[in-house]
Amino acid sequence: DAKTTQPPSMDCAEGRAANLPCNHSTISGNEYVYWYRQIHSQGPQYIIHGLKNNETNEMASLIITEDRKSSTLILPHATLRDTAVYYCIARRNAGGTSYGKLTFGQGTILTVHP
Amino acid sequence: DGGITQSPKYLFRKEGQNVTLSCEQNLNHDAMYWYRQDPGQGLRLIYYSQIVNDFQKGDIAEGYSVSREKKESFPLTVTSAQKNPTAFYLCASSMGRTGGAYEQYFGPGTRLTVT
């Protein structure tokens, strides 16, 4: 799985959009970009994933650059409850020898301020 | 409600004792996983199972054992052979066995302290 690089921490004002960047310059064509977050002392929560196209769901939007070397997770209206560690992961499809494993790096600590 | 349950939330054991952590899911997922998380660190895969009665070692399987007798259950035993068992243990499940992009859903975790 491709290595991902994220800033160690970011701040955001409540109600504003939070834009979390991720660099995955060595990503291969069959690797998806996944985003998870982990609130302190809880299990990670799946947010969104994508391959090539931009994706949106009820939680967030994922913008992937055309060359797929980087992506941005957007929380459109951040709340205090969005304070968490956000992980960007590049991973191949399920199946094969790397089946299932999610490699979590250090992630980005997002702090949402009132 | 569908989801993954882990019990107990906190567990305390004496060194040298085996301990079993429970993980149950009612999502009808084929695959289940066990991860370990140490303070300030990412998750590391211990074991995973793609189907009933089958499981594979992850990156740090030494000192752990699992079973998968039922689709919905994947208990993890931390044996006395595990040198540093104190950690936060997370169970996850996902839908697919082959192909596609199947996200993993995590339980709330069990925090194990061994003294």
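What you see is a predicted model; the values in this text were computed from it and never measured.

*Asks:* What am I meant to see in the overall build of chain B here?
*Replies:* Within chain B one finds zero helices and 11 strands. When the elements of chain B are put in sequence order from the N terminus, they spell out β-β-β-β-β-β-β-β-β-β-β. For chain B, the C-alpha atoms occupy an extent of roughly 40 × 30 × 30 Å along the three principal directions. Residues counted as buried form 47% of the 115 residues belonging to chain B. Contacts in chain B between residues far apart in sequence, at least 24 positions, make up 53% of those at least 6 positions apart. As displayed, chain B has an accessible area near 5600 Å², and 46% of this comes from carbon and sulfur atoms. Between the mean site of the 12 positive side-chain charges and the mean site of the 11 negative ones, chain B shows a separation of 6 Å.

*Asks:* Hey, could you run me through the sheet that holds strand 3 (residues 31-38) of chain A in this one?
*Replies:* Residue and element names in this part refer to chain A. Read from one edge of the open sheet, five strands run 1-9-8-3-4, paired in mixed fashion. In the strand order of this sheet, the two ends are held by strand 1 (9-13) and strand 4 (45-50), each with one partner. On average, each strand axis in the sheet is tilted by 25° relative to the strand beside it, whichever way the strands run. One ladder, built from eight bridges, connects strand 3 with strand 8 (residues 84-92); its direction is antiparallel. From the neighbouring strand, Gln 38 faces strand 8, where its bridge partner is Val 85.

*Asks:* Which parts of the structure should I look at to understand the environment of B:Gly42?
*Replies:* Turning to its location among the elements, B:Gly42 is positioned in the loop between strand 4 (31-37) and strand 5 (43-51). A residue is classified by how much of its surface remains accessible, and B:Gly42, at 9% relative accessible area, is buried. Remark: the alpha-carbon pair of B:Gly42 and B:Gly63, spanning 21 residues in sequence, is separated by 20 Å. When near neighbours in sequence (up to four residues on either side) are disregarded, B:Gly42 contacts A:Phe104, A:Gly105, A:Gln106, B:Arg36 and B:Gln37.

*Asks:* It is not clear to me how the confidence of the model for chain A should be interpreted in this structure. Could you clarify?
*Replies:* Do not read the fine detail of predicted coordinates wherever pLDDT is low. For chain A, per-residue confidence averages 90 on the pLDDT scale, and 93% of positions sit at 70 or higher. The least confident element of chain A, judged by mean pLDDT, is strand 8 of chain A at 92; the most confident is strand 2 (residues 18-23) of chain A at 98.

*Asks:* Sorry if this is basic, but what is going on with the sheet that holds strand 3 (residues 19-25) of chain B here?
*Replies:* Two modes of strand pairing occur in sheets, parallel and antiparallel, and in both the strands are linked by backbone hydrogen bonds. Residue and element names in this part refer to chain B. Here four strands make up an open sheet; going across it, the order is 1-3-8-7 and the pairing antiparallel. Only two strands of the sheet have a single neighbouring strand rather than two, namely strand 1 (4-7) and strand 7 (64-66). Adjacent strand axes in the sheet meet at a mean angle of 20° when their direction is disregarded. Sheet topology note: the strand 3/strand 8 (residues 76-78) ladder contains three bridges and is antiparallel. Within the sheet, the bridge partner assigned to Thr 20 lies in strand 8 and is Thr 77.

*Asks:* Can you walk me through the pattern of salt bridges in this structure?
*Replies:* Close approach of charged atoms allows side chains with opposite charge to pair. Residue and element names in this part refer to chain B. Within this structure, the stated rule accounts for four salt bridges over all chains. The shortest N-O distance in the salt bridge between Asp 38 and Arg 44 comes to 2.7 Å. Asp 38 sits in the buried class, given a relative accessible area of 16%. The network of salt bridges with shared partners includes Arg 36, Asp 38 and Arg 44.

Definitions and cut-offs
Residues numbered from 1 in each chain as written. Chains lettered and ligands numbered in written order. Predicted model: local features only at pLDDT ≥ 70, side-chain atom pairs only at ≥ 80, totals over all residues. Heavy atoms only, no water. Helix = DSSP H or I, 4+ residues; strand = E, 2+ residues; numbered from the N terminus. Buried < 20%, exposed > 50% of the residue type's maximum accessible area, 1.4 Å probe, protein only. Contact = heavy atoms within 4.5 Å. Areas by Shrake-Rupley, 256 points an atom, 1.4 Å probe, with all protein chains shown as cover. Lys, Arg positive; Asp, Glu negative; His and termini not counted. Charge placed at Lys NZ, Arg CZ, Asp CG, Glu CD. Pairing = 2+ DSSP bridges. Axes fitted to C-alpha atoms, helices over the stretch in contact; angles between N-to-C directions. pLDDT = per-residue confidence, 0-100. Salt bridge = Lys/Arg side-chain N within 4 Å of Asp/Glu carboxyl O.

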